Amino acid sequence: IQPSWAIESKMFNYRNSLFDQSKEIQKAIPTSKDIFILNSLFNTCILTISQVDAYFSMMDIFNSVRKEDLTESNVQTLIRWLSELKYANDMNLKSLASFSVPVEKTTTGYIEKLKNLYTELNKMVDAELNKVNILKKSVKPKKKK
C-alpha cells in the first residue's frame, strides 16, 4: 500500500464530483418547488462526502503504520468502514429510487445524476474492499509473548 493510495484512487475524483453536484443542487433550492427533496439530496451528498473524507483520514493513519507492525485488526477497521460506506450508499440508492411524488424535470435530473454517482461509488468501494481483503490475507498474526 502506498501512502497516497486513497488520494490516487478514483475515489478522490468521485468526492470532488459529488461536491460539485451538491453545489448545483444547493443553488437550485431557492427557486424550486421541490425544496424538501433537493434539501434531502444536498444533505445526502454532504454526508457521503464526509464519509469518503473520513476514509481518506483513516488511510492516512493506516499508512503511518509500518508494514511489520500491521495487524489484522488494522485491516479489519478499513474493511468495516468501507462496508458501512457501501451500506449507506445502498440506502441512498434505494431512497433515490423511492420518490413517488411528481417532481420537476430539473429535480429528476439531479436524482439521476446522483444515482449514477452512487452506483459508481459502489464500484469504487468494491475495488477498495478487494485491495484491503488481499492485504488482510497477507498480514501475519502476531505471536503471543
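For the structure, see preceding data.
Being a predicted model, the structure only gives us computed values, none of them experimental. (Residues numbered from 1 in each chain as written. Predicted model: local features only at pLDDT ≥ 70, side-chain atom pairs only at ≥ 80, totals over all residues. Heavy atoms only, no water.)

### Describing the overall build of the protein
On a plain count of helices and strands, the protein comes out with five helices and zero strands. Each helix and strand of the protein, placed in order from N terminus to C terminus, yields the pattern α-α-α-α-α. A principal-axis box enclosing the C-alpha atoms of the protein has dimensions of 65 × 25 × 20 Å. Looking at the 145 residues of the protein, the share that counts as buried comes to 37%. Across the protein, every contact between residues at least 6 apart in sequence was considered, and the portion connecting residues at least 24 apart equals 80%. For the protein, the exposed area adds up to about 9,100 Å²; of that, 56% sits on carbon and sulfur atoms. The positive charge centre, built from 22 side chains, and the negative charge centre, built from 16, are 6 Å apart in the protein. (Helix = DSSP H or I, 4+ residues; strand = E, 2+ residues; numbered from the N terminus. Buried < 20%, exposed > 50% of the residue type's maximum accessible area, 1.4 Å probe, protein only. Contact = heavy atoms within 4.5 Å. Areas by Shrake-Rupley, 256 points an atom, 1.4 Å probe, with all protein chains shown as cover. Lys, Arg positive; Asp, Glu negative; His and termini not counted. Charge placed at Lys NZ, Arg CZ, Asp CG, Glu CD.)

### Concerning the packing of helix α3 (residues 35-63) against helix α4 (residues 72-97)
For any two helices packed against each other, one specifies the inter-axial angle together with the distance between the axes. Close contact between α3 and α4 brings their axes to 11 Å; oriented N to C, the two are set at 170°. Classified by the angle between their axes, α3 and α4 sit roughly antiparallel to one another. For the pair α3 and α4, the contacting residues are L41, T44, T48, Q51, V52, A54, Y55, M58, M59 and F62 in the first and N74, V75, T77, L78, W81, L82, L85, A88, N92 and L96 in the second. Grouping the constituent residues of the contact of α3 with α4 by class yields 14 nonpolar, six polar and no charged. (Axes fitted to C-alpha atoms, helices over the stretch in contact; angles between N-to-C directions. Parallel < 35°, antiparallel > 145°, perpendicular 65-115°, else oblique. Nonpolar A, V, L, I, M, F, W, Y, C, P; charged D, E, K, R; others polar.)

### Things to note about α4
Residues separated by three or four positions in an α-helix point in the same direction, a consequence of the helix having 3.6 residues per turn. For α4, which comprises 26 residues, the first-to-last C-alpha distance of 37 Å matches the rise-based estimate of 38 Å (1.5 Å per residue) to within 8%. Tucked inside the fold, the buried residues of α4 contact α2 (10-28), α3 and α5 (105-138). (Expected span 1.5 Å × (residues − 1).)

### Here we look at the packing of aromatic side chains
For the structure on display, the rule yields two aromatic pairs. Measuring from ring centre to ring centre gives 6.5 Å for Y55 and F56, while their planes differ by 45°; the resulting arrangement is tilted. Summarising the burial analysis for this pair, Y55 and F56 share the class buried. A connected cluster of aromatic rings, assembled from ring pairs, spans F12, Y55 and F56. The side chain of R15 reaches across the aromatic face of F19, ending 5.6 Å from its centre. (Phe/Tyr/Trp six-rings, centres within 6.5 Å; stacked < 30°, edge-to-face > 60°. Lys NZ or Arg CZ within 6 Å of the ring centre and 35° of its normal.)

### Some words on the environment of Q76
By secondary structure assignment, the location of Q76 is in helix α4. The exposure class assigned to Q76 is partly exposed, which follows from its relative accessible area of 22%. A sequence separation of 42 residues divides Q76 from Y118, and the C-alpha atoms of the two residues are 24 Å apart.

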